[in-house]
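Listed below are the residues making up each chain.
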Amino acid sequence: MAALRAAKQALRREIKRRVSVLSEEEKLRQSLVVSQKLFRHPKYVSCQRIAVFLSMHDEVRTEEIIKDVFKRGKSCFIPRYESGSSHMDMLQLRSVDDMKTLPLTSWNIQQPAEDDHSREEALSAGGLDLILMPGLGFDRSGNRLGRGKGFYDTYLERCIRHPKGKPYTIALAFKEQLCEEIPVDANDVLIDEVLYEEDE
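Residues numbered from 1 in each chain as written. Predicted model: local features only at pLDDT ≥ 70, side-chain atom pairs only at ≥ 80, totals over all residues. Heavy atoms only, no water.

Trainee: Is there a simple way to think about the sheet that holds strand β4 (residues 130–133) in this case?
Mentor: Strand pairing in a sheet relies on backbone hydrogen bonds. The paired strands run either parallel or antiparallel. Sheet architecture is open: six strands sit in the order β3-β2-β1-β4-β7-β9, paired in mixed fashion. Bordering the open sheet on either side are β3 (88–93) and β9 (193–195), each of which pairs with just one other strand. Across this sheet, the average inter-strand angle for adjacent strands is 30°, counted without regard to direction. Bridge count between strand β1 (residues 49–51) and strand β2 (residues 75–81): three bridges; the pairing is parallel. Bridge pairing links Ile 50 to Cys 76 in β2. Across the sheet, helix α4 (residues 63–71) touches β1, β2, β3, β4 and β7 (168–172), and the angle it forms with β2 is around 140°. (Pairing = 2+ DSSP bridges. Helix = DSSP H or I, 4+ residues; strand = E, 2+ residues; numbered from the N terminus. Axes fitted to C-alpha atoms, helices over the stretch in contact; angles between N-to-C directions. Contact = heavy atoms within 4.5 Å.)

Here it is as structure tokens:
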């Protein structure tokens, strides 16, 4: 276990280094390429209830995706992470303007406030059709390297127990986040697909 943890930590540092040298323009360019791939994806086109992460500086930008979700009349859910645990809920976002009013956490992520009880939690009602997954690294087999907090792995376990079952999962990645092989253990949940800009 200690060896696996060390391998993951080393890989996290390496991927962070790779992404840190990308310019803002390059991150935006790749984000738009990945977004366009998503917009054509059958699972995205057909889904009604979708969970989308609000991107951090080292992740594929999701703002255009959120705008598209509302344009197509889908229900959009966003994460609320509980600091100090691995618990996360997916709460309904009402509009693009609603997103702009969300408070910032200490990690510099926008999310609904702890005392905001007005939003539907995805699993308390109709479940989810699709989850867009963030992460630090991915391989082509669908293995994901997260930030080590376990939020998404724990949430997917909850999804599996929901009557609707596990939603389809698509990771959004810069090509610099692709790895030959991600070291994983039994708790790491496989992703169905990773979208990134492929070299022609």
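The structure having been displayed, the exposition proceeds.
Trainee: Explanation requested: the sheet that holds strand β5 (residues 137–139) in the structure shown.
Mentor: Pairing is mixed across the open sheet formed by three strands, whose spatial order is β6-β5-β8. Taken across any chain shown, the strands that pair with only one partner, and hence form the sheet edges, are β6 (144–145) and β8 (178–179). Bridge count between β5 and β8: two bridges; the pairing is parallel. Paired with Asp 139 across the strands is Cys 179, a residue of β8.

Trainee: Where do I start with the pattern of salt bridges in this structure?
Mentor: Tallied over the entire structure, the rule returns 21 salt bridges. Taking the shortest distance from any N to any O, the salt bridge between Glu 64 and Lys 67 comes out at 3.3 Å. Of the two residues, Glu 64 and Lys 67 are both situated in helix α4; the distance of three residues between them amounts to about one turn of the helix. Under the relative-accessibility criterion, Glu 64 is labelled partly exposed at 39%. Since its relative accessible area comes to 35%, Lys 67 is described here as partly exposed. For Glu 197, the salt bridge identified is with Lys 175, shortest N-O distance 3.2 Å. Taken together, the residues Glu 197 in the segment after β9 and Lys 175 in the loop between β7 and β8 connect sequence positions 22 residues apart. In this structure, a network of salt bridges that share partners links the residues Glu 26, Arg 29, Lys 175 and Glu 197. (Salt bridge = Lys/Arg side-chain N within 4 Å of Asp/Glu carboxyl O. Buried < 20%, exposed > 50% of the residue type's maximum accessible area, 1.4 Å probe, protein only.)

Trainee: Help me understand the environment of Thr 62, please; the structure alone is not making it clear to me.
Mentor: Along the chain, Thr 62 turns up in the loop between β1 and α4. A sequence separation of 10 residues divides Thr 62 from Val 52, and the C-alpha atoms of the two residues are 7.5 Å apart. There is a polar contact of 2.7 Å between the side chain of Thr 62 and the backbone oxygen of Phe 53. (Polar contact = N/O pair within 3.5 Å; in protein donor to acceptor, adjacent residues only side chain to side chain.)

Trainee: It is not clear to me how the side chain of Asp 139 should be interpreted in this structure. Could you clarify?
Mentor: Among the structural elements, Asp 139 can be located in strand β5. Buried and unpaired, Asp 139 has Arg 140 as its nearest opposite-charge partner, separated by 8.1 Å. Within the structure, the side chain of Asp 139 is placed 3.0 Å from the backbone nitrogen of Asn 143, a separation counted as a polar contact. (Lys, Arg positive; Asp, Glu negative; His and termini not counted.)

Trainee: Hey, could you run me through the environment of Glu 198 in this one?
Mentor: Within the secondary structure, Glu 198 is located in the segment after β9. A C-alpha to C-alpha distance of 7.3 Å links Glu 198 and Lys 175, two positions 23 residues apart in sequence. In terms of polar contacts, Glu 198 uses its side chain to reach the side chain of Lys 37, at 2.9 Å.

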